[in-house]
Amino acid sequence: MSSLGRLCCAAIAILTLGTVFSDSYSVSAQLIISEFRVRGPNGANDEFIELFNNSGADHTVAGGGTGYAVAASNGVARCVVPNGTVIPNRGHYLCVNSVGYSLASYPAGNGTTATGDATYTTDIPDNAGIAIFNTSVAGDFVLANRLDAVGSTSEANTLYKEGAGYPALTPFSIDYSFYRKIVGTCTNAPNNCGLVSGSFPIEGVDSVVQDTNSNAVDFVFVDTNGTSAGAGQRLGAPGPENLSGPVVSDSTISGTLLDSTVSRHAPPNRQRDGGTFCAPPNPVVLPCDPANNSTFGTISFRRHFTNNTGLPVTRLRFRVVDQTTFPAVSGVADLRNRTSSAVVIATINDAATCAAKIPPEAAPCSVTVQGTTLETPPLQPNGSAYNSTMSAGTVTLATPILPGASINVQFLFGIQQVGNYRAYVHIEALTEGVVELVVGQNSGGVVGKKKFKHAPQTSVAPAGQSSPASTEVPVITPLTRRLGNSGIWVFSPGALKDAPARTTADDKPKADDEAKENSKKESETAPATSEQPAPPMPAPAAAKEPVATTTTPAAAPVVTNTTSAAPVAAAATRVNVQKENVSASKAGQRSSASRRTIAHRRGALKRR
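Residues numbered from 1 in each chain as written. Predicted model: local features only at pLDDT ≥ 70, side-chain atom pairs only at ≥ 80, totals over all residues. Heavy atoms only, no water.

(A) The arrangement of the overall build of the protein in detail. In terms of regular secondary structure, the protein is built from 4 helices and 33 strands. Buried positions account for 60% of the 608 residues belonging to the protein. Sequence separation of 24 or more characterises 79% of the internal contacts of the protein that already satisfy a separation of 6 or more. Surface exposure of the protein reaches about 21700 Å², of which carbon and sulfur atoms provide 55%. (Helix = DSSP H or I, 4+ residues; strand = E, 2+ residues; numbered from the N terminus. Buried < 20%, exposed > 50% of the residue type's maximum accessible area, 1.4 Å probe, protein only. Contact = heavy atoms within 4.5 Å. Areas by Shrake-Rupley, 256 points an atom, 1.4 Å probe, with all protein chains shown as cover.)

Set out below in structure tokens:
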């Protein structure tokens, strides 16, 4: 792909992406280590080791002794995956140190959190190696029985690392992790892939985790403060996953523009708020919100997702695998993931989006676009990027996306520096088998004609997710399945460039495509930018886990789409990224005329 455009009025268009990879990447190991840390805010015992089933099919553990052992380089097993355990294709298994593990409230599946599937109590020293063996017998911890290993450059025992190892860390007690990268994504620090060509994911090809047998290039260091600990600075978050968690799926959940009759760069598909309106001497008012990591305003991306799995989707979230963020060199955008709320978009001219409503409507119509929640813990006061997850909280066991049904979703990013940008995300989902059909009910904002009933149990939603209206959460049945196909959704790279934003409701936004054409007629220089100072280091240990709660707005705000409804061609099957100069218009302003959309929504609201 080519270099990216300028960022100040950003836009992201989602296309289905996968990854091209060469035969040099190993996929032979049945289980590999996909994420880990050996220290955290709770100190030296705040540890976890996440395993990933990379075999291409469900895997039943059948090892020597009592199962597969995860051992540290002192030769002592920390946990054992018992024989008979079934780890689904592209599913995970989680070992945690129960003495200090601080991420047990991170959301996992339906009503579950990222607690350990197995636990241990013996600390793994900083920078020590870790390996998984196909046996629990310590005397058989040899290379022939090793499935995978990861260790630092300071680890002397080569059995417990691959290649030279990852760069040894300064032992800060911060919320960090190493996670295994996706082939084709760019994780260079300080995020300079926005200025150079790279081997980015290609649409329509399944993605794959990278396993070159070199820890230094296969694993990515992230933490919630963008700390320089020795392995490169990248703002992000740990995201441990266990057996109950959702699994990456793209080929069975298709996504399109919210309104395919307009450009992916134009409202309502892309909404840019802020720009030079946020710069002095203008007052610091919304959307210019430094306190919420949106110094130069925000950018939203809206998409329409359809469930093609053949089963109800009961859990839906999106994991960031690549994003321009802090620290960013001049000319590269600094984007921060944020929680967003539901919004009503008026005057949608896309026939398919309108037909998916309950009841169906002819275009033009108004639709509700559901917000996404940045999942916690850990707390992410600086916003987040790499490896963080954004959940579609309206998708639950009680309100699934039914087979063939759809959901409209919004992603919100704060802008801390303008410049070239990119963002790639995985879709992670769970499906549920058919229990009982009830005809003619709406699924609480998720588009569908039928609703699946489940036996309820008293529970609360996991941290970082929206709770259903009722305090009863359905029981997870044995029919729950994880989607096995992997892929990437991309917010296609683009540009943000300073320009004044309109502030009155009756101002029509300037179409981004028009701005792009204007940019071809005259050369424009990058706006003056400055490096953002590194956020302060966190306190050494935080014994109390942060808990995030979200609430659904009583009435979603209404945005009128005033962009021309000229038809455009269907999305291409391959990504062709071009350098773009996009004007910073405050597009899609709310208008008093939008109140007319209430009549369109009344029927849907009554059914909720």
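(B) Molecular detail of the sheet that holds strand β13 (residues 219-223). Strand order in the open sheet formed by 6 strands is β9-β8-β3-β2-β12-β13, and the pairing between neighbours is mixed. The open sheet has two edge strands, β9 (118-120) and β13, and neither has a second partner. Ignoring which end each strand starts from, the neighbouring axes of this sheet average 20 degrees apart. Of the pairings in the sheet, the one linking strand β12 (residues 176-180) to β13 comprises 5 bridges and is antiparallel in character. Directly across from Phe178, in β13, lies its bridge partner Phe221. (Pairing = 2+ DSSP bridges. Axes fitted to C-alpha atoms, helices over the stretch in contact; angles between N-to-C directions.)

(C) The sheet that holds strand β11 (residues 146-150), seen in detail. The antiparallel open sheet is built from 4 strands, whose spatial order is β6-β5-β10-β11. In this open sheet, the two strands that pair with only one neighbour each are β6 (77-82) and β11. Each neighbouring strand pair of the sheet contributes to a mean axis angle of 15 degrees, computed without reference to strand direction. The pairing of strand β5 (residues 67-72) with strand β10 (residues 130-133) spans 4 bridges and is antiparallel.

(D) Broad picture of the nonpolar core. Ranked by size, the top nonpolar core spans 32 residues in total, and within it Ile49, Ile130 and Phe178 carry the most contacts. Setting aside anything within four residues of it in sequence, one finds Phe178 in contact with Ser34, Glu35, Phe36, Tyr166, Pro167, Leu169, Phe219, Val220, Phe221 and Ala231. One finds Phe301, Phe305, Val313 and Leu316 within the second-largest nonpolar core, a separate group that totals 28 residues. (Core = buried A, V, L, I, M, F, W, Y, C linked by side-chain atoms within 4.5 Å.)

(E) Structural context of empty space enclosed by the protein. Inspection of every chain in the model, using the stated rule, returns 5 cavities of 30 Å³ or more. As a volume, the largest cavity reaches approximately 260 Å³. Taken together, 20 residues form the lining of the largest cavity, with His92, Ile182, Val209, Arg319 and His426 sitting closest to its centre. Elements represented by at least two residues in the lining of the largest cavity include exactly β2 (31-37), β3 (48-53), β12, β18 (313-323) and β26 (419-431). Residues of the lining of the largest cavity, tallied by class, amount to 7 nonpolar, 6 polar and 7 charged. (1 Å grid on protein atoms, 1.4 Å probe; cavity = no way out; pocket = protein on both sides within 12 Å on 5 of 7 lines; lining within 4 Å. Points joined across faces, edges and corners; volume = space filled by probe spheres on them. Nonpolar A, V, L, I, M, F, W, Y, C, P; charged D, E, K, R; others polar.)

(F) Representation of the environment of Thr261 in the model. Within the fold, Thr261 resides in the loop between β15 (253-257) and β16 (270-274). A relative accessible area of 12% means that Thr261 is categorised as buried. Residues Thr261 and Ile348, 87 residues apart in the sequence, show an inter-C-alpha distance of 8.7 Å. Polar side-chain contacts of Thr261 include one of 2.6 Å to the side chain of Asp259. (Polar contact = N/O pair within 3.5 Å; in protein donor to acceptor, adjacent residues only side chain to side chain.)

(G) Geometry of unusual backbone geometry. Cis geometry marks the peptide bond from Leu286 to Pro287; its omega dihedral reads 5 degrees. Assignment of secondary structure puts Pro287 in the loop between β16 and β17 (297-307). For Arg90, which is not glycine, the phi dihedral falls at a positive 60 degrees. Mapped onto the elements of the fold, Arg90 is located in the loop between β7 (86-87) and β8 (92-97). A positive phi angle, near 60 degrees, is found at Thr347, a position not held by glycine.

(H) Quick look at the pairing of strand β22 (residues 365-369). Here β22 lies mainly inside the structure; 5 of its 5 residues are buried. Bridge analysis of strand β21 (residues 343-348) against β22 gives 4 bridges, and the strand direction is antiparallel. Within the sheet, the bridge partner assigned to Val343 lies in β22 and is Val369.

(I) Quick look at the packing of aromatic side chains. If you walk through the whole model with that rule in mind, you get 13 aromatic pairs. Their ring planes at 40 degrees and their centres at 4.4 Å tell us that Tyr166 and Phe178 sit as a pair that is tilted. Placement of Tyr166 in the loop between β11 and β12 and of Phe178 in strand β12 is noted, with a sequence separation of 12 residues between them. Among the aromatic residues, those joined into a ring-pair cluster are Phe36, Tyr166, Tyr176, Phe178, Phe219 and Phe221. (Phe/Tyr/Trp six-rings, centres within 6.5 Å; stacked < 30°, edge-to-face > 60°.)

(J) Focus on the side chain of Arg180. Within the fold, Arg180 resides in strand β12. Among the polar contacts made by the side chain of Arg180, one reaches the main-chain carbonyl oxygen of Ile33 at a distance of 2.9 Å. Sequence-distant contacts of Arg180, defined by excluding residues within four places in its chain, comprise Ile32, Ile33, Ser34, Asp148, Val209, Gln210, Asp211, Asp218 and Phe219.

(K) Representation of the state of the cysteines. Under the counting rule described, the total for this entry stands at 3 disulfides. In this model, Cys79 is linked to Cys95 through a disulfide, with the two sulfur atoms separated by 2.0 Å. The S-S bond linking Cys79 to Cys95 shows a torsion near 75 degrees; that makes this disulfide right-handed. Placement of Cys79 in strand β6 and of Cys95 in strand β8 is noted, with a sequence separation of 16 residues between them. The disulfide partner of Cys278 is Cys288, and the gap between their sulfur atoms is 2.2 Å. Across the S-S bond linking Cys278 and Cys288, the dihedral sits near -80 degrees, which makes this disulfide left-handed. Taken together, the residues span a long stretch of sequence, with Cys278 in the loop between β16 and β17 and Cys288 in the loop between β16 and β17 at a distance of 10 residues. Taken individually, Cys278 and Cys288 each receive the classification buried, so the pair is uniform in this respect. (Disulfide = S-S within 2.5 Å.)

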